[in-house]
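# Results of the structural survey
Here is what each chain is made of, one letter per residue.
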Amino acid sequence: MSLTESIHDKITTPIVKIPDSSLKTGIYDLTKEELGRRIELREGVSLRYITPPDRRRWLLDRILFGSDLTFLYGYFRQIIIARQDVLKGKFFDPRWIELSGGILDLIEGCQGKFQIENLENVITPKGPVVFAGNHMSVLETFVFSYFLVPHRRLTYVVKESLIKGYFGPIMRSRDPIAVGRDNPREDLVKVLEEGVNLLKKGISIVVFPQSTRTRTFNPAEFNSIAVKLASRAGVPVVPFAIKTDFWENGKIWKDLGSLYRDRKIHMKFGPQIDTKDPKKAQETLLNYVLTNLKEWNVEILSPQK
C-alpha cells in the first residue's frame, strides 16, 4: 500500500485540546499519547514533550543489565510485524504512527530521555512543507513519524539501500524519494522532479541535506537541496535541529549501532522559512541548526577539518 494510495483520514484518535491553564505559562507539556495525536493549537502556547522523570525502565532491560539485547529484541519485533502488515496491504498512516510510537516507547524503556520542543511549528503551516535539518542517526527517521504524520501526509528523501532488502517494503510503502548519493547532480534532479510532484499532491517531505549521518556537524556539507526543492514547489521549509546520538551509528551495519544511555535526545522545530529567496532561506536554515547544536554542545567542524 503506497502513501499516495493511503487514506490519511483513517486517523481517528481524538484531537488534543490545549487547556486554559497553559495560557499562563505559554507552554503545554504533551503526554506521550498526546504527542502522537492531532493537536488543536492555541495562540501563544508552545508545545513540547519531555520524557517524564518517573518513566519506568523496562523490566527486561533491567534483567539483561542494560545491554543492547532488549533494544534489539524490541526493534526487530516491531519491524517484523510492520513488514507483515505492509505485505498484507494494511500499513496505513495510523499503523505508521503506531510503529513510530512503539520505537519511541522502546527507546524510553531503555532509558532514553527525549526533549522535543516547539512542535507548534510542525502544525502551523497550511499545506505541504519541506522539513529540513541535520541528520545524526536512524533514530529520527523512525521517531519523527509519530508526531508529524498525525498532522500531514509525509515521506522522506532516503538513500537507495533503505528501499531494498528485508526492510525495503516498509520504506517503499511511504513512496520515498530514493537517491544514490554517488552523483549529487543526478540526486538533485531526482529530488526536484519527484519532490515537486509529491508536494503538489499535498505530501510533505523530510530532507536531511547531508551526505551521511554523523555525530559532528560540518556546515560545509549541509547542502541546499531542501531549500531548492521547497523554492521550486513554492512551499516553506520548516527547520529542525536534532541530537540523537543516544542511538549511535553502527560500525558494521550503520543502521543498527549501540545505545549510549547518558546522552539526552533533543529535537527542536523552528518557524517556517519563506523560500522565495533561496539564498536567504538557506542561511536561515543553517543558522537555526547551528544555534541549537551549539547549545547542545555538538561538535561543529570547521571548513579546514
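Quantities reported herein were computed from a predicted structural model and do not represent experimental measurements.

The subject of this paragraph is the sheet that holds strand S10 (residues 237-243). Across the sheet, nine strands lie side by side as S2-S4-S5-S11-S10-S6-S9-S7-S8; this open sheet has mixed pairing. Each edge of the open sheet is held by one strand with a lone partner, namely strand S2 (27-29) and strand S8 (177-179). Going from strand to strand, the sheet's axes swing by 20° on average, the running direction of each strand aside. Both strand S5 (residues 114-117) and strand S11 (residues 265-269) contribute to a ladder of four bridges, which runs parallel. Each residue of the ladder has a partner; that of Phe114, found in S11, is Ile265.

On to helix H10 (residues 225-233). Buried within H10 we find Ile225, Ala226, Val227, Leu229 and Ala230. In this fold, the buried residues of H10 make contact with strand S6 (130-133), helix H9 (184-200), strand S9 (204-207), S10 and helix H11 (278-295). Directly after H10, the chain includes Gly234, whose backbone phi takes a positive value near 75°.

A few words on helix H5 (residues 93-109). A rise of 1.5 Å per residue sets the reference length of H5, with its 17 residues, at 24 Å; its end C-alpha atoms lie 24 Å apart and thus fit the reference within 8%. In terms of burial, H5 is a largely internal element, 14 of the 17 residues being buried. Remark: Gln111 follows H5 within two positions and exhibits a positive phi of approximately 75°.

So, how was this worked out
Residue numbers restart at each chain and count upward from 1, following the sequence in its written direction. In keeping with the model being predicted, local features are shown solely for residues with a pLDDT of at least 70 and side-chain atom pairs are shown and tallied solely at 80 or more, while totals for entire chains, interfaces and linings include all residues. Computation of side-chain values covers all heavy atoms of the structure but excludes hydrogens and water. Strand pairing follows a simple DSSP-based rule, namely that at least 2 bridges must link the two strands. Strands here mean DSSP runs of E at least two residues long; helices mean DSSP runs of H or I at least four residues long; both are numbered from the N terminus. In this description, a line fitted to the C-alpha atoms serves as the axis of each element, helices being fitted only across the stretch in contact, and the angle between N-to-C directions of two axes falls anywhere from 0 to 180 degrees. For every residue, the accessible area (1.4 Å probe, protein chains only) is compared with the maximum for its type, and the residue is labelled buried under 20%, exposed over 50%, or partly exposed between those bounds. We call two residues contacting when some pair of their heavy atoms lies within 4.5 Å. In this analysis, the expected span of each helix is defined as 1.5 Å times one less than the number of residues it contains.

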